[in-house]
Amino acid sequence: MKRFRSRRKFLFESCGGISGLGLALLLDRDGLLAAPPVDCAGKSSAARKPHFEPRAKSVISLFMSGGVSHVDTFDPKPALAKYAGQPLTGKGDIVVRQGNPGPLMPSPFSFRKYGQSGMDISEIFPQIASHADDLALMRSVKGQSNDHVQAHYELATGMIRMGFPSIGSWVTYGLGSENQNLPAFVVIYDAHGGPFGGPANWGSGFMPASYQGTVLRPSGMPIIDLQPPPDVTPVEQRAGLDLLMKLNEKDAEKYPGNTELTARIESYELAYRMQSCAPEAVDVTAETPATRKLYGLDDPVTEPFGRQCLMARRLVERGVRFVQLYHGGLGNQNVDTWDAHTDVKDNHSRHAAEVDRPISGLLTDLKASGLMDSTLVVWQGEFGRMPISQRGVGRDHNPGAMSIWMAGARIRGGQVIGSSDEFGYKAEEQPITIHDLHASILNLMGMDHTKLTYRFNGRDMRLTDVYGDLIPQIVRA
Amino acid sequence: MHRLNLATKLGIAAKGIGCTIIEVREPTRKSCQNRLATELRLLTTVLICAAAASAADRQISFSKDIQPVFQATCWKCHSLAVQSSGLDLSSRESALKGGEGGVVMVPGNATKSRIYRMAAGLDKPAMPLGGKLKAEDIEAIRLWIDQGAVWDGAVKPLVTEASPVPESPIPPEARNYWAFRKPVRETPPGGGNPIDAFVHKELQAKGIKPAPPASRATLVRRAYLDLIGLPPTPAQTAEFLNDRAPDAWERLIERLLASPHYGERWGRHWFDVARYADSNGFEHDFDRPNAWRYRDYVIGAFNKDTPYNQFLREQIAGDELETVTPESLVATGFLRNYAKVGYREKDNPENRYEYLDDMIATLGRGVLGLTVQCARCHDHKFDPIRQMDYYRLQASLFGYVEVDHPLTSRSEADEYEKKTAEVDARVGELRRVLRALEQPYRDRLLPAKYAKFPQNVQDAIATPEAQRTPGQVLLADQVIRGVTVSSDEIDRTMEPEDLKEKRRLSAEIAQVEKTRPKPIPVAAGITDGDYRFTPDGPGDEPAPGKGVKREAIEGSFLFRGPGRYQTPPSYLLIRGDVNSKGPQMQPGFVEAITYGNPPVELPPSSGQTSGRRRALAEWLVSPDNPLTARVMVNRIWHHHFGRGLVSTIDNFGKMGEAPSHPELLDWLAVEFMNRGWSVKTMHRLIMTSDTYKMASEYTDANAMAKDPENRLLWRYGARRLDAEIIRDSMLAVSGALNLEVGGRPVFPKIQAEVLASMQYGIWKQQKEDGPEAWRRSVYIYRKRGLPLPMLEIFDLPNQNISCGARNVSTVPTQALALMNDDFVLRQAQLFANRLQEAAPNDPSKQVDLAYQLALNRLPDALERKLALDFLAQHKLVGLAHVMFNLNEFLYVR
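Residues numbered from 1 in each chain as written. Chains lettered and ligands numbered in written order. Predicted model: local features only at pLDDT ≥ 70, side-chain atom pairs only at ≥ 80, totals over all residues.

With respect to the overall build of chain A
For step 1, the next point in the chain: Check the secondary structure of chain A and you find 14 helices and 17 strands.
For step 2, the next point in the chain: Relative to its full complement of 477 residues, chain A shows a buried share of 65%.
For step 3, the next point in the chain: Taking contacts inside chain A between residues at least 6 apart in sequence as the whole, the part at least 24 apart equals 76%. (Helix = DSSP H or I, 4+ residues; strand = E, 2+ residues; numbered from the N terminus. Buried ≥ 20, exposed ≤ 12 C-beta atoms within 10 Å, placed from the backbone. Contact = placed C-beta atoms within 7 Å.)

Right, here's the structure in full:
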């Protein structure tokens, strides 16, 4: 009891300071989560250390929801201009999501070479392009589904079906957080609403709920239920908590050695601390005007996503393990997401304008603050889009090929990995599956994807199922 | 070795410069979807010795050099009989067509031809799967393609039968595994309650003493929370405490088993197994407006103590029993509880295989405690379950189609269908007339619509059909098929007379619509039919371009005779690949746990279904089935003690845990069957044991040292309440609980910010929660895309996978919810109001009552003092709120 009281005092100290341990890890270390969490299949699990020296401590995942057209952004295809208006042939049945296949359509955007590497990038991302030499661009990623939701789930969990833990949950399960006052896995979605597939994108599937992503809101109270309603004063709340602690501690004496009860007592103290630490972590007004401007907070077009990006940097800085940002939310699907069925030019120029500066600002800021080397930035959508047109100027879904880039974590920048075929219809050279992508992300975090397992249903489950090959150009130091 | 290096080296090899050893790590199946029981990789070592440079000049003959290779390997899966991945290599023409992955052969360019690339291991998966070609054969393929892939000689190959899947016999010793032997009822090793005899025997063997009995006050709370999931009221507590008759405990159990709330509690356990929800899941998360009837059926079945064997029969084959009742039809919703993508299965058969897999997984884990679904792609890695067994089970289920069973009498349903058809016909006729009237106007308006499309589209449409380029044909088709003119637009251009006629027709349609009969109640269930003729439902709009019924056959959706229904053919799927059909399958079961020769079809006299599901149900509930009874008694045990005798509730296979008390498990299983599969009887048996009545507030150094996990049951294991019970308990204590039983689901308030994360599907909440939403949590709408946050945070299981044992986590967000959530604070206020009303301005009485209501006991002196000190300075609602946060409140002990 004595140890516990002093510990309690320690925990009530200020927000900053304690590092090196995640919440789950912290509780577990003291055996406080011990009452073996009965998981759905029975066996207990515990957080662990990385399998080897990690290259990245945190991940910022930038998800462009709705499906970014690779042939209009990061994968130029001159053949589309050459064969414009002709059917796409010789590729078997062309499967599109909506309607019938149209003819080949050139990109409405021009491309040019950027950086010393001479990476070809579309005119709609001029600022991201200025970081070309920091990007490792994969042009041969392929997914399994042309359905938004299934494709979102595949990127999130490796599976196109519902019910599996997201990569953020796996990372949290594997590593915990470095700051026990904040959730280890944070999600900030678009002001228009959540992405396709909703909360299952950050669910913990068959793992305990403690590994699921916590949604932080860009404005107002960042976490649901973080604060009591205004009519409960802090004094009253503290008085109630003190009474609760006394009664619970008295009760726990009847169950000596019951770590579950102790963990619950402690969870209240952590919760109490989160009330002040979480708002501080995402308070972008604490940043200098120059920084705010860097992220585009001075412009209503770039402000929303700029705010999300800036929050992400602040969270990573405070030891949050996995920050999942979504751009594009379920308002009006054709307008508010990257789902450019109607008009790829209109849709993509608008959305690119919203994210270009914020993402560029994030990369610049991470570099300047020295966080870049320990942070992995991943930019992705759920699939690419068709090289053929939909009703003249739109593009339909294409899981056969998409472009995803990574930066940070000391990955070699300025490299292009793999390629799609001459039209961008299918991945061609060095096809990369989502399992490969996940395996490589875990590797950068210091984990072997074949060893990060969770026993469920009589089987040691993995994020990568039985698949996943490391992408050599990404994981090579 | 990484792929890139590999490619480089192979490139060299292919150019004939040297000899390279290549390792290709190769998964054995394209998309195993998470089924494999273990990592399943083959380390294939391909030795490629490039042929001598001179070989480049060698002329390759298909018939001499290639055909024997194809015959021995490729054609097993890519020929006339079987076309894995849609690829048929039986002729040059079909080979050039390619498969689902696109082109595989580019004559004149081997390095761009995937046949060569996969054979050489340049692309994955390397072919043939699980094997390798000889280096000279790979080289021959390369040269042959480079030389133009000429198909000389034999134009047609011999038809290659699908590679036969070897019927691997079950080794005789496999049945010796404890769970596959039929349970044997050992004589209990002592008198008294046999459960105690078995438990004490193990404890004595280890030299551990069991805990003393719990206090009667603890027991009454334990019994209420266990059986009905609500804390006892002070009056109910007093009733038991004051009942000094020797059978007071037995009568308490009877009272609780007779309560309508018993089914709400124990039905909820079954819903975890049955992955029950009220919506489809995935993108649109469509409402399942009649799913709740299945929920009520389950609650009712537990309340009536429907024998478990009958309960299973109804859920698996309620539509093909000799006596079909409305309830048994509702019960068939069980198999339909899978999350559904929502696009037509006839266009996307791969989804249907996922649903079938989900059914097999649910029956396997939920009923048999076996991970049968692991055998989808290959024989099970740990248990003697073969891939054949999986596909026999799949064949047993394969006839299923989703239907809405009418719950009225046949004549009422017929009348309804007849009237609906009449209205449909009349309305259809009127609409045709209306459409014809509008047509000239529509034709006139359409060109202006096309003007809104980009120039290339307009040009395409303007070009006469015969002169359109192939690309223009595509463009024009896309637009012409999709563009519509609205009724209003037509109205604005209509001649007055035509407009008048249109209005008259519209009015007439409205009149006819008024005669449409009111919908009759229906159950969302299944029956046998032919899924290839499924009528469209919500979300089933044909994906254009995919609306072709590829497998169209003579027949119809539901079989109405004459003669007998025939199940559509199903096949063994090689490596689980929907496109790799093996032999056609007959229905059957998991052989290793099948005793005797049970029938695989029990067709009902109506002849309208196959009777395969009924046979499956009978096999499951047969006394010869070694698992069904064991798994269910173990579930019951788990929910009483927080841990099963087999702790891996859903897995009795080799990867599961061995039973802590094997003899007791068997004894209970046999008793369960002998006593008519009565679940209530098992409660009586278990709850009247001393083992159940032990104290949890007890420790013993010796016992802790020998059995820290309490596997041997030396004390009662305290455990946190389930999510629903936490919410229900708060409502019960605040006095707000609405105890109405059954009916449509309710929608408690969810914060707007949370709702915004999931926009599709329904959530019909009121502005403020009131009694309508304050019903028991089992009645809350289960939305797959958005579980109620308050419940989810307390480990509500994922509603898309069958789950026997919930996680129990302890995280700060639970504390935040209990501290700050609107619902909790509102209930705390109502609780405070209740205390104030019962004991106006009498803090001492209020504290006593708060303890009695929330914890079924009076406070001790210190607790009373602490509470009164608090009330001296703070509001009553603060105390009420603290009570909801006490560990004692959140635990059953």
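The discussion continues.
Structural notes on the overall build of chain B
For step 1, the next point in the chain: The helix and strand tally for chain B stands at 35 helices and eight strands.
For step 2, the next point in the chain: Burial status across chain B gives 48% buried among its 893 residues.

Topic: helix α16 (residues 410-450) of chain B
For step 1, the next point in the chain: Given a rise of 1.5 Å per residue, 41 residues ought to cover 60 Å, yet the end C-alpha atoms of α16(B) are separated by just 51 Å, more than 12% below that figure.
For step 2, the next point in the chain: Within α16(B), the axis deviates most sharply at B:Q439, by approximately 45 degrees, and proline B:P440 lies no more than four positions further along. (Expected span 1.5 Å × (residues − 1). Bend = angle between axes of the 7 residues up to and from the residue.)

Looking at the confidence of the model for chain A
Caution applies to low-pLDDT parts of the model: their predicted coordinates are not meant to be read in detail.
For step 1, the next point in the chain: The predicted model of chain A averages 86 in pLDDT, with 89% of residues at 70 or higher.
For step 2, the next point in the chain: Here residues 1-47 of chain A is a poorly scored stretch, pLDDT under 50, and it has 92 contacts once near neighbours within four places are set aside; other chains count. (pLDDT = per-residue confidence, 0-100.)

Quick look at the packing of helix α22 (residues 628-641) of chain B against helix α23 (residues 662-674) of chain B
Residues and elements named next belong to chain B.
For step 1, the next point in the chain: For the pair α22 and α23, the least separation of the axes is 8 Å and the interaxial angle reads 105 degrees. Classified by the angle their axes make, α22 and α23 are roughly perpendicular. Contacts between α22 and α23 pair A629, R630, M632, V633 and N634 from the former with L665, L668, A669, F672 and M673 from the latter.
For step 2, the next point in the chain: Residues belonging to the contact of α22 with α23 are distributed by class as follows: eight nonpolar, one polar and one charged. (Axes fitted to C-alpha atoms, helices over the stretch in contact; angles between N-to-C directions. Parallel < 35°, antiparallel > 145°, perpendicular 65-115°, else oblique. Nonpolar A, V, L, I, M, F, W, Y, C, P; charged D, E, K, R; others polar.)

Description of the domain arrangement of chain A
For step 1, the next point in the chain: By the assigned domains, chain A splits into domain 1 (1-35 + 235-281) and domain 2 (49-222 + 287-475).
For step 2, the next point in the chain: The centre of domain 1 of chain A, based on its C-alpha atoms, is set 37 Å off from the matching centre of domain 2 of chain A. (Domains from an automatic or database assignment.)

A short note on the interface of chain B and chain A
For step 1, the next point in the chain: Chain B puts 104 residues into the contact, and the matching count from chain A is 92 residues.
For step 2, the next point in the chain: The residue makeup of the side of chain B that touches chain A, split by class, is 44 nonpolar, 38 polar and 22 charged.

Observations concerning the nonpolar core
For step 1, the next point in the chain: A:V323, A:W405, B:V633 and B:A880 are the most contacted members of the largest nonpolar core, which has 312 residues in total.
For step 2, the next point in the chain: Examining the composition of this core, we find that nine residues originate from one element, helix α14 (residues 349-368) of chain B, more than from any other.
For step 3, the next point in the chain: The residues touching B:V633, leaving out its near neighbours within four places in the chain, are B:L665, B:L668, B:A669, B:F672 and B:M682. (Core = buried A, V, L, I, M, F, W, Y, C linked by C-beta atoms within 7 Å.)

Topic: the packing of helix α6 (residues 194-206) of chain B against α23(B)
All names here are of chain B.
For step 1, the next point in the chain: Put simply, α6 and α23 touch, their axes get as near as 9 Å, and they point 165 degrees apart. One way to sum up the angle between α6 and α23 is to call them roughly antiparallel. Read as a crossing pair, α6 and α23 show a hand that is right-handed. Taken together, the residues of α23 that come into contact with α6 (itself represented by P194, I195, F198 and V199) are E663, L664 and W667.
For step 2, the next point in the chain: Split by residue class, the contact of α6 with α23 holds six nonpolar, no polar and one charged. (Left-handed = near helix turned anticlockwise from the far one by under 90°.)

Considering the pairing of strand β7 (residues 322-327) of chain A
Residues and elements named next belong to chain A.
For step 1, the next point in the chain: Burial analysis of β7 places six of its six residues in the buried class, which makes it a mostly covered element.
For step 2, the next point in the chain: Going residue by residue along β7, you find F322, Q324 and Y326 tucked away on one face and V323, L325 and H327 tucked away on the opposite face as well.
For step 3, the next point in the chain: Relative to β7, strand β1 (residues 58-64) runs parallel, the two being bridged by six bridges. What sits directly across from L62, in β7, is L325.
For step 4, the next point in the chain: Across four bridges, the pairing between strand β5 (residues 185-188) and β7 is parallel. From the neighbouring strand, V186 faces β7, where its bridge partner is V323. (Pairing = 2+ DSSP bridges.)

As for the environment of B:K865
All names here are of chain B.
For step 1, the next point in the chain: Turning to its location among the elements, K865 is positioned in helix α33 (residues 861-873).
For step 2, the next point in the chain: Under the C-beta neighbour-count criterion, K865 is labelled exposed, with 12 such atoms within 10 Å.
For step 3, the next point in the chain: C-alpha of K865 to C-alpha of S844: the two residues are 21 residues apart in sequence and 9.3 Å apart in space.

A word on the confidence of the model for chain B
All names here are of chain B.
For step 1, the next point in the chain: Mean pLDDT over chain B stands at 87; residues scoring 70 or higher make up 89%.
For step 2, the next point in the chain: This model gives residues 1-55 a pLDDT under 50, and the stretch forms 112 contacts once residues within four places in sequence are excluded.
For step 3, the next point in the chain: pLDDT under 50 marks residues 542-555. Its contacts with residues more than four places away, or in other chains, come to 21 contacts.
For step 4, the next point in the chain: Across the whole predicted complex the pTM is 0.80, and at the interface the ipTM reaches 0.79.

Looking at unusual backbone geometry
Residue and element names in this part refer to chain A.
For step 1, the next point in the chain: Even without a glycine there, the phi angle at R410 is positive, about 55 degrees.
For step 2, the next point in the chain: Tracing the backbone through its elements, the reader meets R410 in the loop between β11 (402-408) and β12 (415-417).
For step 3, the next point in the chain: Positive phi is not limited to glycine here, since D465 has a value of about 55 degrees.
For step 4, the next point in the chain: The topology assignment puts D465 in the loop between β17 (459-461) and α14 (472-475).

Points about the environment of B:H881
For step 1, the next point in the chain: Along the chain, B:H881 turns up in helix α34 (residues 876-885).
For step 2, the next point in the chain: As for B:H881 and B:L818, which are separated by 63 residues in sequence, their C-alpha atoms are 8.5 Å apart.
For step 3, the next point in the chain: Leave out the neighbours within four places in its chain, and B:H881 touches A:G240, B:L825 and B:A828.

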